[in-house]
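Summary of structural features
Below, each chain spelled out in residue letters.
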Amino acid sequence: MIDELDSLGRMQSKCMKCDAKYIAESSHGTGNMLRHIRSCKGKVYRDIGQMILQSNASGAVENRPSTFKFDEFREILALAIARHNLPQQFVEYEGIRAVFSYLCPEVKHVPRRTIKNDIMKIHAKEKTKLDELLKRAPGRIAITSDCWSSITTDGYISLTAHFIEKNWRLGKRVLAFSFIPPPHMGAALAEKMTCLSKQWGIEKRIASITLDNASSNDSMVETLKYDLDLVSNGDYFHVRCCAHILNLIVQEGLKEIDDAVLKVRECVKYCKGSQGRKQKFLQCVQHVSLESSRGLRQDVPTRWNSTYMMLDSALFYKKALLHMKATDANFVHCPNSDEWNRIEKICKFLSVFHEVTLAFSGTKYPTCNLYFPNVLKVRLLLKEHMGSADRFLKTMATKMNEKFEKYWSDFSTIMAIAVVFDPRYKLQVVEWAYKKVYEQTADFELELFKNKLFSLYNEYASSTPTSTTKHDENVRNAPAIVDQASDSYMEVIYTLKVLFFSI
């Protein structure tokens, strides 16, 4: 440090490392200097090479031995094998053992049987943690399940739990991925599901189960209703997978493909047919000043949204395709102006289903409150296009509406209750939607909905211990509260919302 006077005659110091100046009067003590040392940009740190060296007893310099914890090494190794689906024999590979020996010459090599035991111990420890987490969850547990066949045709069933944690965070855990022998009929699936739920001790805490629309699942649900302790005698137990139903609806509508869609498909196939055509298409994209990174999308038969993505990408590169038509005599499948207009209408129509599918497929947020407004959007869209002047759209909407009525002719009551909990919608949206859909019978259907809402409230409230007099009075008079002030009504709704996740 170099001491000097500033313009006001005060003693100041100048750092010899970064030339920064600060007040150094005796009244300031050493605080300014200490603060500057901590933030000095010219501060020299100790050489990292010196940090890994030490002197031995004879005074010679040698590498400082790092602390190697063999138990932690085995646990990390077992986790890596499980996470990356490596064979247990991985630990006996000569090359892997050579790597371990290079990193730590004193390492004890682990045989595959030992690593298998380590993996089983980790599994048991994590299972205990998950069991405790489920026990601490204050509410009921919603489960989802699906079946899968391996390449060797072995059948497996999965079980996933969705619940609200004690701190009101959304929890999701895979409870089982278990082999299930044939036949995969409803009775066998129900027996397996009951066994898995009892293993985790949740057979009396299940709120609902979400499944796809296989017929075996319907019979499984009917059997499970007698084996589990359910809310409202299982009236709200079975929830059909919304994304799967939406896929069935759109697949039904796409069975008859418009000629314009077929032309777009041939366009994409042509442009992707060879490396020379790809280069020529990119040149056309550059000529019309479009972004080339997006690329044309080819659809596949098993995914309806791939057809939407193909049409959407074709519309984006419409100018490039038209330019390619003008410069390539072999490019004969480009749609004409009328067909491009139809493609735009079809793409706009399918975009609604694509957005709803993305909303239903979310994993980081609750989706039950999204069912009602999105299904209503689909219902009104189909109703609008069933009277369309476009023959293809009218045919598509009619076929899709037939499938829609099969699964969603009536709104799911439990999903309608969920939208009442959403402060963006509340009961007013349900009232508006029922009048829009049911028309003359709207009042009757709405009254049935309110009765079910308060019946569910009474069931939860009666099983929840409380000493609040006002709460007891609300339980006895729940249906009458609808006719009272909106504040009182929302109090019941809020109470039901809390109770729904507190048993």
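A brief look at the structure comes next.

Thresholds, definitions, all that
- Residues numbered from 1 in each chain as written.
- Predicted model: local features only at pLDDT ≥ 70, side-chain atom pairs only at ≥ 80, totals over all residues.
- Heavy atoms only, no water.
- Helix = DSSP H or I, 4+ residues; strand = E, 2+ residues; numbered from the N terminus.
- Buried < 20%, exposed > 50% of the residue type's maximum accessible area, 1.4 Å probe, protein only.
- Contact = heavy atoms within 4.5 Å.
- Phe/Tyr/Trp six-rings, centres within 6.5 Å; stacked < 30°, edge-to-face > 60°.
- Lys NZ or Arg CZ within 6 Å of the ring centre and 35° of its normal.
- Axes fitted to C-alpha atoms, helices over the stretch in contact; angles between N-to-C directions.
- Parallel < 35°, antiparallel > 145°, perpendicular 65-115°, else oblique.
- Left-handed = near helix turned anticlockwise from the far one by under 90°.
- Polar contact = N/O pair within 3.5 Å; in protein donor to acceptor, adjacent residues only side chain to side chain.
- Salt bridge = Lys/Arg side-chain N within 4 Å of Asp/Glu carboxyl O.
- Expected span 1.5 Å × (residues − 1).
- Nonpolar A, V, L, I, M, F, W, Y, C, P; charged D, E, K, R; others polar.
- 1 Å grid on protein atoms, 1.4 Å probe; cavity = no way out; pocket = protein on both sides within 12 Å on 5 of 7 lines; lining within 4 Å.
- Points joined across faces, edges and corners; volume = space filled by probe spheres on them.
- Core = buried A, V, L, I, M, F, W, Y, C linked by side-chain atoms within 4.5 Å.

Looking at the overall build of the protein
Of regular secondary structure, the protein possesses 20 helices and ten strands. The proportion of buried residues among the 503 residues of the protein is 39%. Contacts in the protein between residues far apart in sequence, at least 24 positions, make up 59% of those at least 6 positions apart.

Looking at the packing of aromatic side chains
Evaluated as defined, the whole model comprises 14 aromatic pairs. Measuring from ring centre to ring centre gives 5.1 Å for Tyr-434 and Tyr-438, while their planes differ by 65°; the resulting arrangement is edge-to-face. Taken together, the residues span about one helical turn, with Tyr-434 and Tyr-438 both in helix H17 (residues 426–438) at a distance of four residues. Residue classification places Tyr-438 among the buried residues on the basis of a relative accessible area of 14%. Cluster of aromatic residues (ring-pair linked, three or more members): Trp-148, Tyr-156, Phe-177 and Phe-179. Taking NZ or CZ as reference, Arg-277 lies 4.1 Å from the ring centre of Tyr-270, over its face. One Lys or Arg, Arg-294, reaches over the ring of Phe-316 and ends 4.5 Å from the middle of that ring.

Focus: the packing of helix H8 (residues 242–253) against helix H15 (residues 391–408)
In contact at an axis separation of 7 Å, H8 and H15 are set at 150° when each is read in the N-to-C sense. Considered as vectors, H8 and H15 are oriented roughly antiparallel to each other. Seen along the crossing, H8 lies across H15 with a hand that is right-handed. Along its contact with H8, which presents Cys-242, Ile-245, Leu-246, Leu-248, Ile-249, Val-250, Glu-252 and Gly-253, the element H15 presents Met-396, Lys-399, Met-400, Lys-403, Phe-404, Tyr-407 and Trp-408.

Remarks on unusual backbone geometry
Cis rather than trans, the peptide bond between Pro-182 and Pro-183 has omega equal to 0°. If you trace the backbone, Pro-183 turns up in the loop between strand S8 (170–179) and helix H6 (186–199). Of note in this structure, Ser-232 is not a glycine but carries a positive phi near 55°. Note that Ser-232 resides in the loop between helix H7 (215–227) and strand S10 (238–240). Among the residues examined, Ser-232 registers a relative accessible area of 10% and is labelled buried.

Remarks on the environment of His-184
Mapped onto the elements, His-184 comes out in the loop between S8 and H6. The partly exposed category is assigned to His-184, whose relative accessible area is 31%. Residues His-184 and Asn-217, spaced 33 residues apart in sequence, show a C-alpha to C-alpha distance of 9.7 Å. Once you skip the residues sitting within four places of it in the chain, His-184 turns out to touch Gly-155, Leu-189 and Ser-216. At 3.1 Å, the side chain of His-184 forms a polar contact with the backbone oxygen of Ile-180.

Observations regarding the pattern of salt bridges
Per the counting criterion, the structure on display carries 18 salt bridges. A salt bridge links Glu-92 to Arg-112, with the nearest nitrogen and oxygen atoms 2.7 Å apart. Placement of Glu-92 in the loop between helix H3 (70–83) and helix H4 (94–103) and of Arg-112 in helix H5 (residues 112–136) is noted, with a sequence separation of 20 residues between them. By relative accessible area, which is 28% here, Glu-92 ends up partly exposed. According to the relative accessible area criterion, Arg-112 is partly exposed, its value standing at 39%. A salt bridge links Arg-294 to Asp-312; its shortest N-O distance comes to 2.4 Å. Highlighted residues: Arg-294 in the loop between helix H10 (275–287) and helix H11 (304–316) and Asp-312 in helix H11, separated in sequence by 18 residues. A relative accessible area of 39% means that Arg-294 is categorised as partly exposed. Look at Asp-312 and you get partly exposed, because its relative accessible area is 24%.

So, H8
In this model, H8 (twelve residues) spans 17 Å end to end at C-alpha, consistent with the 16 Å of a helix rising 1.5 Å per residue. Contact partners of the buried residues in H8: S10, H11, helix H13 (337–360), helix H14 (368–385) and H15.

Examining the packing of H17 against helix H18 (residues 442–462)
Following both chains from N to C, one finds H17 and H18 inclined at 140°, their axes separated by 8 Å at the closest point. The angle between H17 and H18 falls in the class oblique. Relative to H18, H17 is oriented so that their crossing is right-handed. In this structure, H17 contributes Leu-427, Val-430, Glu-431, Tyr-434, Lys-435 and Tyr-438 to the contact, and H18 contributes Ala-442, Glu-445, Leu-446, Phe-449 and Lys-450. Considering only residue class, the contact of H17 with H18 consists of seven nonpolar, no polar and four charged.

Structural notes on the layout of surface pockets
A volume near 480 Å³ is recorded for the second largest pocket. As for the second largest pocket, its lining consists of 23 residues, of which Asp-235, Tyr-236, His-238, Ser-412 and Thr-413 are closest to the centre. For the lining of the second largest pocket, the secondary-structure elements that each account for two or more residues are H7, S10, H8, H15, helix H16 (413–421) and H18. The class makeup of the residues in the lining of the second largest pocket is eleven nonpolar, six polar and six charged.

Examining the nonpolar core
One finds Phe-349, Leu-350, Phe-353 and Trp-408 to be the most contacted residues of the largest nonpolar core, which totals 76 residues. By residue number, the principal contributor to this core is H13, which donates ten residues. Filtering out sequence-adjacent residues up to four positions away, Phe-349 remains in contact with Leu-381, Leu-382, His-385, Leu-393, Met-396, Ala-397 and Met-400. Counting residues in each nonpolar core, the second largest holds 28 residues, with Leu-134, Leu-189, Ile-206 and Leu-230 among its members.

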